[in-house]
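A closer look at the structure
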Amino acid sequence: IRFILIQNRWYMQFDDDEKQKLIEEVHAVVTVRDAKHTNFVEFRNFKIIYRRYAGLYFCICVDVNDNNLAYLEAIHNFVEVLNEYFHNVCELDLVFNFYKVYTVVDEMFLAGEIRETSQTKVLKQLLMLQSLE
Amino acid sequence: KSKEAEIKRINKELANIRSKFKGDKALDGYSKKKYVCKLLFIFLLGHDIDFGHMEAVNLLSSNRYTEKQIGYLFISVLVNSNSELIRLINNAIKNDLASRNPTFMGLALHCIANVGSREMAEAFAGEVPKILVAGDTMDSVKQSAALCLLRLYRTSPDLVPMGDWTSRVVHLLNDQHLGVVTAATSLITTLAQKNPEEFKTSVSLAVSRLSRIVTSASTDLQDYTYYFVPAPWLSVKLLRLLQCYPPPDPAVRGRLTECLETILNKAQEPPKSKKVQHSNAKNAVLFEAISLIIHHDSEPNLLVRACNQLGQFLQHRETNLRYLALESMCTLASSEFSHEAVKTHIDTVINALKTERDVSVRQRAVDLLYAMCDRSNAQQIVAEMLSYLETADYSIREEIVLKVAILAEKYAVDYAWYVDTILNLIRIAGDYVSEEVWYRVIQIVINRDDVQGYAAKTVFEALQAPACHENLVKVGGYILGEFGNLIAGDPRSSPLVQFNLLHSKFHLCSVPTRALLLSTYIKFVNLFPEVKTTIQDVLRSDSQLKNADVELQQRAVEYLRLSTVASTDILATVLEEMPPFPERESSILAKLKKKKGPSTVTDLEDTKRERSVDVNGGPEPAPASTSAAVGPLPAFAFPNNPCISAGGFEFVCKNNGVLFENQLLQIGLKSEFRQNLGRMFIFYGNKTSTQFLNFTPTLISLHARASLCLFLTKPVDPTVDGGAQVQQVVNIECVSDFTEAPVLNIQFRYGGTFQNVSVQLPITLNKFFQPTEMSSQDFFQRWKQLSNPQQEVQNIFKAKHPMDTEITKAKIIGFGSALLEEVDPNPANFVGAGIIHTKTTQIGCLLRLEPNLQAQMYRLTLRTSKETVSQRLCELLSQQF
């Protein structure tokens, strides 16, 4: 099961073929890199900020003039929330609760921008939503 | 095998869901949700789904959050453009937006933001701003509304006009809820770029906010402190917003400067945590602050501090930081306040180029070297870039080649170095040396006398290598064809040796290169008569004359013929040395811009160019004139002119050349004329190594009435550096016909002596002569009309030059007249016609030149409607033969 696929949130118009191609390209570019590389890769006329957590790659594709470190930590912030929400998340959690993961993503990112950064507030909201029928 | 099993399983499930959806029994909400969710999951696994949209849309109208959520998720992932569905979806969204239930409003806004279709924009672009600024909207809904509006603006800006809501949005920067502030800042940043006036009040609010965050104690902002860093993402966004505007008014600016200083100070303090998250968050803010400092480019103190901070990062153990420091320093290099500070890090950057293991980091190092390059370090930097090129990734070679070529040209004090550099480029990375690069080196060699011999010699030596790149053969072929004579005296590079060297590469080259070499061979026939038969034999061979390629065949045939029928004079004229190339923006620069696309590199180029434009007192007075192109001091067939003082009759029929030359000064000209107007570029070259002081050229016109108007566009700098060349432009207008030429008088101090040079400017009446074609009938008709004795002037004179038909024709055309064939019954005679353009009148002119070969004499007849014109033209033209 490929995490990236499940976690697709596209903030630009791409058609399905383009999306698939992009996914494959990003995968190819990112998985060959190791610790001596930076966490940033130039990709077409964008850049990819990524980090690896155990067996999973989390990638964000941003504009060339976006702040690299800010997005790198945005990824980490997001992962910490996932961790807290799913109580030590593992890949299987993400698979079976994939729609909940979208909720987390949409709470923290929207319209291609960072929406909320306070872990406290995000978790509070998530728990509230969880209690709804 | 498991793939097949998976597909089978999935198809089974799909069939099941399909039947449930079509079933007689209406599904309850829970089941519908379950199946729609499964469909979505299957889709995300990579299978196509072509049903379920209707059911998903139905879920939207449920009152249950969990069902609505799945419905919205499905339609935002599987976007469908069926108009009926769109109508239903928009309807559901409308209801949810009006529901006053923040959770439902949130879902609806997120859907709009995630889909962002034109139809949604049309439906909701009016509503969303209202929700955003309404007093009773909840914080989380405001956050979503702000970003939803941002998405709508991005995809359909025409549907989001500015209005009352804009000032309220600015006010959101003061909101208590930092999530709202974050979202609002993103929105304002995008809107401000297209509507700066509307949002300029956000600047002071942003500065206040930033200030409060940056100086906050660690116990404030609890929810928004991340690893001991207060609101890092919001800080970054505020700093980014400030980059949409120029430096603010003094009151606000003071506060902002304090803020930036605080950020810089904090970077120097010992870290509050060893975790990388802490340093990344802190540095994210730091880098954005530096970005703002660079953008404003107004506080030297801050710029230098930023540079020092980045300098420290250059040697940090974390690759990310070294990368970002190199990238950031690149933009710092173009600021005049920090350019020198950046240069101090050259050794670190060169080391990075050699030792960094991530190729993208090495690339940043290359970019930085390019940006920090100036006259003081050009040779060192070019040498390092060349050495890097030897082992560089293929994907970045072309860019490095272009950059080296640009730097070598821009900062060449000694053009021999430039030639060496380009030849090295070809040797190391020949495949990546595009045409623009080697065309340029040719242009420069042609335009600069002083490097032609060196170029010929160097290229000759380089060609000796057993395996040389085809681009080297092209450059070598061209240069030897033009300047091989400069090294032909040495037996080791005698004409035959040169020819054999080139020809040994011939069969290895592609068609375009071979075509070029053929041209070189015919030039050799002109330059070196002793190799003529050898070359003719080559041209005559079947492989040339019957070559499958049309271009090669044509060249071989024509050149062979030319070599046999043309007299030495004609050959010399046809194959005369190439004239200097006109100034133009370097096409290499254009190619680099195209490669890099819209990025800061192009801004860098403009800044680089702007800085070197200021020849009079800028930081780097370039020896060449105002652009990246080399100074167009004309190259001539006879480079070492003796002292010429008169305005040379040789200028009657040509527009470019050296007007005057002595030990100290060379004056070159390049002019163009059209109808009664003209423009003349005068180039003053200081041939010595000492400055000329009080350099003052003056135009003296000896006409009582202004028949010829001359305007100097701009005075020349009174100081002309040794080896420098300065240019002056003269605009010319012919008001009425004139006889006398204006005089150019130049005075200057050289060493302790006072120099005075006077020379006639070769502006003659025929410069305003425009050729007119006409039939034989017309000609004779007009000839008869001008039979008044005052209208005709005749001159019989002895020929001063060999009476060659082709050359004579060329001179008549060069004079400005049309050459009319088959008009005169005697085919040996030459007949011409044209119009002299002045501001006041236009004067038709006819001429006839009758040669007498036995007597070596000519009779020239001019007929025009004005006596003085006939006189002058006859006088001028007679001198030419």
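Everything that follows concerns the structure shown earlier in this document.
Anyway, here's the lowdown on the structure attached to this text. Keep in mind it's a predicted model, so treat the numbers as computed, not measured.

1. So, empty space enclosed by the protein
All names here are of chain B. Enumeration over the complete set of coordinates arrives at 7 cavities of 30 Å³ or more. Considered as a void within the structure, the second largest cavity measures approximately 80 Å³ in volume. Of all the elements in the fold, those that place two or more residues in the lining of the second largest cavity are α14 (250–268) and α15 (276–296). A total of 4 residues in the lining of the second largest cavity trace back to one element, the largest contributor, which is α14. Tallied by class, residues from the lining of the second largest cavity come to 6 nonpolar, 3 polar and 2 charged.

2. A short note on the side chain of S186 of chain B
Take S186 of chain B: it is sitting in helix α11 (residues 178–194). Ignoring any residue separated from it by four or fewer positions in sequence, one finds S186 of chain B in contact with E113 of chain A together with L147, L150 and K237 of chain B.

3. Describing the packing of aromatic side chains
All names here are of chain B. By the definition in use, this model includes 32 aromatic pairs over all chains. Between F673 and F768 the ring centres are 5.5 Å apart and the planes differ by 85 degrees, which places this aromatic pair in the edge-to-face class. Pair noted here: F673 is in strand β4 (residues 665–674) and F768 is in the loop between β10 (753–760) and β11 (769–771), with a separation of 95 residues, a long-range link. The exposure class of F768 is buried, given its relative accessible area of 1%. Through a chain of ring-to-ring contacts, three or more aromatic side chains come together here, namely Y684, F692, F695, F748 and Y750. The positively charged end of K403 is found above the aromatic ring belonging to Y370, 5.2 Å away from the centroid. Across from the ring centre of Y478, 4.3 Å away, lies the NZ or CZ of K523, which sits over that ring.

4. Details of the pattern of salt bridges
Residues and elements named next belong to chain B. Counted according to the given criterion, the structure contains 46 salt bridges over all chains. For the salt bridge of R100 with D136, the shortest nitrogen-to-oxygen distance reads 2.8 Å. Taken together, the positions of R100 in the loop between α5 (83–98) and α6 (102–115) and D136 in the loop between α8 (127–133) and α9 (139–155) put the pair 36 residues apart, joining distant regions of the chain. Each member of the pair, R100 as well as D136, is classed as exposed. The closest approach of N and O atoms between E327 and R364, which form a salt bridge, is 3.7 Å. Residue E327 is found in helix α17 (residues 319–332), and its partner R364 is found in helix α20 (residues 359–372); the two are separated by 37 residues along the sequence.

5. Considerations on the sheet that holds strand β3 (residues 56–62) of chain A
Strand pairing in a sheet relies on backbone hydrogen bonds, with the paired strands running either antiparallel or parallel. Residue and element names in this part refer to chain A. The 3 strands are arranged β1-β2-β3 in an open sheet whose pairing can be described as antiparallel. A single partner strand is all that each edge strand has here, and the edge strands are β1 (40–43) and β3. Averaged over neighbouring strand pairs, the angle between their axes works out to 30 degrees when direction is ignored. Here 7 bridges tie strand β2 (residues 46–53) to β3, and the two strands are oriented antiparallel to one another. Across the sheet, the residue bridging to R51 is F58, located in β3. Across the sheet, helix α2 (residues 16–31) touches β1, β2 and β3, and the angle it forms with β1 is around 140 degrees.

Analysis parameters
- Residues numbered from 1 in each chain as written.
- Chains lettered and ligands numbered in written order.
- Predicted model: local features only at pLDDT ≥ 70, side-chain atom pairs only at ≥ 80, totals over all residues.
- Heavy atoms only, no water.
- 1 Å grid on protein atoms, 1.4 Å probe; cavity = no way out; pocket = protein on both sides within 12 Å on 5 of 7 lines; lining within 4 Å.
- Points joined across faces, edges and corners; volume = space filled by probe spheres on them.
- Helix = DSSP H or I, 4+ residues; strand = E, 2+ residues; numbered from the N terminus.
- Nonpolar A, V, L, I, M, F, W, Y, C, P; charged D, E, K, R; others polar.
- Contact = heavy atoms within 4.5 Å.
- Phe/Tyr/Trp six-rings, centres within 6.5 Å; stacked < 30°, edge-to-face > 60°.
- Buried < 20%, exposed > 50% of the residue type's maximum accessible area, 1.4 Å probe, protein only.
- Lys NZ or Arg CZ within 6 Å of the ring centre and 35° of its normal.
- Salt bridge = Lys/Arg side-chain N within 4 Å of Asp/Glu carboxyl O.
- Pairing = 2+ DSSP bridges.
- Axes fitted to C-alpha atoms, helices over the stretch in contact; angles between N-to-C directions.

That is the geometry; function is a separate question.
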